[in-house]
Amino acid sequence: MAEHDDYTGSVQRLAAIFQQQHRASRHQVKPDLALRRDRLARIARMVRENQDDLLAAVSQDFGNRAAIETQLLELGAVINAVNYASRRLRKWMKPEKLGVGTNFRPGKAWLRYEPLGVIGIISPWNYPISLALIPLVDALAAGNTALLKPSELTPRFSGLLARLIEQSFETSEVAVILGGPDVAEAFAATPFDHLLFTGSTAIGRKVMMAAAPNLTPVTLELGGKSPAVVCDDYAIEKAARTLAFCKCINSGQTCVAPDYVLAPRAMVEPLAKAILTQMHKGYPQLDGNADYTSIISDRHRARLLAAIEEARAGGATILSHEAPIAADSRNVAPTVVLGAPDDCLLMREEIFGPILPIIPYDRLEDAMAHINRGERPLALYVFSNDRQRQEQVLAATMSGGVTINGAMLQAGQDEVPFGGVGASGMGTYHGHHGFKRFSHARPVFKVRLINGFEMLGMPWKKLAYWMARKTIGR
Ligand code: NAD
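Residues numbered from 1 in each chain as written. Predicted model: local features only at pLDDT ≥ 70, side-chain atom pairs only at ≥ 80, totals over all residues. Heavy atoms only, no water.

**Student:** Kindly report on the site of the ligand, identifying the contributing residues and their values.
**Tutor:** Near the ligand there are 29 residues, and of these Lys-149, Glu-152, Ser-200, Leu-222 and Glu-350 occur at the shortest range. The separation between an oxygen atom of the ligand and a polar main-chain atom of Ser-123 is 2.8 Å. At 2.7 Å, a backbone N or O of Leu-222 approaches a nitrogen atom of the ligand. Considering the ligand on its own, with 860 Å² of exposed area, one finds that the protein chains cover 91% of that surface. (Near = heavy atom within 4 Å. Polar contact = N/O pair within 3.5 Å; in protein donor to acceptor, adjacent residues only side chain to side chain. Areas by Shrake-Rupley, 256 points an atom, 1.4 Å probe, with all protein chains shown as cover.)

**Student:** Got a sec to walk through the domain arrangement of the protein chain? Specific residues and values, please.
**Tutor:** Domain annotation for the protein chain reports domain 1 (2-222 + 425-441) and domain 2 (227-419). Interface area, domain 1 with domain 2, both sides summed: about 2,100 Å², of which 51% is carbon and sulfur. Among the residues of domain 1 in contact with domain 2, Asn-64, Trp-125 and His-430 are the three that bury the most area, contributing 24% of the side total. If you look at where domain 1 meets domain 2, you find 0 salt bridges. At the boundary of domain 1 with domain 2, the tally comes to 15 residue pairs in polar contact (both at pLDDT 80 or more). When residues of the side of domain 1 that touches domain 2 are assigned to their parent elements, the largest contribution, 8 residues, is made by helix H4 (residues 67-93). Split into classes, the residues belonging to the side of domain 1 that touches domain 2 amount to 12 nonpolar, 11 polar and 5 charged. (Domains from an automatic or database assignment. Buried area = accessible area lost by both parts, 1.4 Å probe. Salt bridge = Lys/Arg side-chain N within 4 Å of Asp/Glu carboxyl O. Helix = DSSP H or I, 4+ residues; strand = E, 2+ residues; numbered from the N terminus. Nonpolar A, V, L, I, M, F, W, Y, C, P; charged D, E, K, R; others polar.)

**Student:** Report on the packing of helix H1 (residues 10-27) against helix H7 (residues 181-188), specifying residues and quantitative values.
**Tutor:** At a minimum axis separation of 9 Å, H1 and H7 run at an interaxial angle of 20°. With respect to H7, the element H1 is oriented roughly parallel. Crossing handedness for the pair H1 and H7: right-handed. Between H1 and H7, the residues in contact are Ser-10, Val-11 and Leu-14 and Val-183, Ala-186 and Phe-187, respectively. Residues that form the contact of H1 with H7 fall into these classes: 5 nonpolar, 1 polar and no charged. (Axes fitted to C-alpha atoms, helices over the stretch in contact; angles between N-to-C directions. Parallel < 35°, antiparallel > 145°, perpendicular 65-115°, else oblique. Left-handed = near helix turned anticlockwise from the far one by under 90°. Contact = heavy atoms within 4.5 Å.)

**Student:** Would you mind going over helix H5 (residues 130-141) in detail, with residue names and values included?
**Tutor:** In this model, H5 (12 residues) spans 16 Å end to end at C-alpha, consistent with the 16 Å of a helix rising 1.5 Å per residue. Within H5, the full set of buried residues consists of Ser-130, Leu-131, Ala-132, Leu-133, Ile-134, Pro-135, Leu-136, Val-137, Asp-138, Ala-139, Leu-140 and Ala-141. Backbone geometry just downstream of H5 places Gly-143 in the positive-phi region, at approximately 90°. (Expected span 1.5 Å × (residues − 1). Buried < 20%, exposed > 50% of the residue type's maximum accessible area, 1.4 Å probe, protein only.)

**Student:** Got a sec to walk through the nonpolar core? Specific residues and values, please.
**Tutor:** Leu-136, Ile-275 and Ile-358 are the most contacted members of the largest nonpolar core, which has 94 residues in total. No other element matches H4, which puts 10 residues into this core. Setting aside residues up to four positions removed in sequence, Ile-358 forms contacts with Val-261, Ala-263, Val-268, Leu-271, Ala-272, Ile-275, Val-336, Val-337, Leu-338 and Gly-339. Membership of the second largest hydrophobic core comes to 29 residues, among which are Ile-318, Leu-346, Met-347 and Ile-351. (Core = buried A, V, L, I, M, F, W, Y, C linked by side-chain atoms within 4.5 Å.)

**Student:** I'd like a rundown of the packing of aromatic side chains, residues and numbers included.
**Tutor:** Under the defined criterion, the tally for this structure stands at 12 aromatic pairs. Here Tyr-113 and Phe-435 contribute two aromatic rings whose centre-to-centre distance is 6.0 Å and whose plane-to-plane angle is 55°, an arrangement assigned as tilted. Taken together, the positions of Tyr-113 in strand S2 (residues 108-115) and Phe-435 in helix H15 (residues 431-437) put the pair 322 residues apart, joining distant regions of the chain. Residue Tyr-113 shares its accessibility class with Phe-435, and that shared class is buried. Among the aromatic residues, those joined into a ring-pair cluster are Tyr-84, Trp-92, Tyr-113 and Phe-435. Above the face of the Phe-62 ring, Arg-65 is positioned so that its terminal group lies 4.7 Å from the ring centre. (Phe/Tyr/Trp six-rings, centres within 6.5 Å; stacked < 30°, edge-to-face > 60°. Lys NZ or Arg CZ within 6 Å of the ring centre and 35° of its normal.)

**Student:** For the sheet that holds strand S16 (residues 439-446), give the residues involved together with the corresponding values.
**Tutor:** Pairing is antiparallel in the open sheet, where 3 strands are placed in the order S1-S2-S16. Strands with a single pairing partner mark the edges of an open sheet, and in this sheet they are strand S1 (96-98) and S16. Taking the axes of each pair of neighbouring strands and ignoring which way they run, one obtains an average angle of 30° across the sheet. Inspection of the sheet shows S2 paired to S16 by 8 bridges, in the antiparallel sense. Bridged to Pro-115 within S16 is Ser-439. (Pairing = 2+ DSSP bridges.)

**Student:** So what about the packing of helix H2 (residues 33-49) against H5? Which residues, and what values?
**Tutor:** Following both chains from N to C, one finds H2 and H5 inclined at 160°, their axes separated by 8 Å at the closest point. Classed by the angle they form, the pair H2 and H5 counts as roughly antiparallel. The handedness of the crossing between H2 and H5 is right-handed. In this structure, H2 uses Arg-36, Arg-39, Leu-40, Ile-43, Met-46 and Val-47 to contact H5, whose residues at the interface are Leu-133, Leu-136, Val-137, Leu-140 and Ala-141. Classifying every residue of the contact of H2 with H5 gives 9 nonpolar, no polar and 2 charged.

**Student:** I'd love a proper account of the pattern of salt bridges, names of residues and values included.
**Tutor:** Counted by the stated rule, this structure contains 17 salt bridges. Across the pair Glu-114 and Arg-112 runs a salt bridge whose closest N-O atoms are separated by 2.4 Å. Residue Glu-114 is classed as buried on the basis of its relative accessible area, which comes to 5%. For Arg-112, a relative accessible area of 39% translates into the label partly exposed. Here the residues in one salt-bridge network are Lys-30, Arg-112, Glu-114 and Arg-442, joined through shared partners.

Laid out in structure tokens, this is it:
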């Protein structure tokens, strides 16, 4: 067993640190604006000062992770989230005035956004930095403490994160618990004040069950098969560029990557060719190309290759990038699949790799019916310049989020809530939405001058009976 795989003591450490944080959250003064901003600044400093080590660790975990993908989509995204929250935090923390009904005047009502307490964050391997640290930004902005459980599939990164967090935070503020499924199970069964889980739908179900006995509220950021619907009025080249780009970023190991495409029957072949051309242009070489990210493990790579072969055996046409890939490489070539049988793995499960099936449709209604036969996806993309058609697709389907005439852009913005619906998850975070997710909106009512309610009793007076009759209406 490698040193980084030794998780002995993780469960005991989890219990001890949870108790420490829990006690602090119940007995200490709630963090003020200055402390919250300081904690956020510590995240930004930690990321900035250790960016080379973070880049290297993630890249080693993947085999190769394009540096720009880590810089832009992870490190940059975390710094943006810190800056966005820090600048707005004073406003977010202000009490929110509420209206007061006639019977309650001249009292006043407002909401106080209060920290929930101790937040648990379980994160996956595919964007290991941002999916651990952006929820942490939101949790700390809301004044909580937090425990993180990063993925065991990125052991170098997770180990580094544990060390960096230890240098930047007291364990009573933030701590990292390392471990695989056993530790993760214990983590999900810990009585957190809120648990945010990012990962697969199958594990999301287990997390919700583990949280239920504690009545721990959960935010589940899950996966699914996110479709891209191309309409016949949209330029093939433009759609091809977007689809190829978004399917190749992180080699398709992105929760909001377009999973498969629905295209008018006559467009399928030219679209497939145009996508493949774009894939060749973007990545002339695969092995040895620092910009082309590898698949996270041999097991995941084998699953993708087996899925392609299964589709081929079922009669599908496989159009693959032609650059050579060595047998011992962890790369998978960008691939377009035509005629994939409905029941093959590529059409049943989230693909999570650089493989793009294109499914023909005859009428737009058929495309929407296809989507609605499956679980509600995390994202949906529609390519059309016709507003009515855009609206038609949105009105007839449901998904966590949508980008029109693009892909993945709904997910990376601090202003825009991010989350799934149905099997792709529940609850949203990012920016103000994340602050609210990890806060308790605590209503307060203050009696002023007179307490109108006490004028009704006790014992109950005529006025009370009159009011009841007047309100109900008889
Ligand atoms: P996964 O579900 O296998 O693992 C995610 C995390 O859960 C890991 O830290 C793992 O240790 C932990 N875990 C394992 N067993 C557990 C258990 N019994 N109880 C609690 N936690 C447990 O997911 P993955 O393979 O790391 O990530 C890929 C999946 O995540 C894809 O389905 C993808 O779509 C999804 N994803 C979703 C989002 C989103 O924001 N919606 C983002 C990225 C990835």
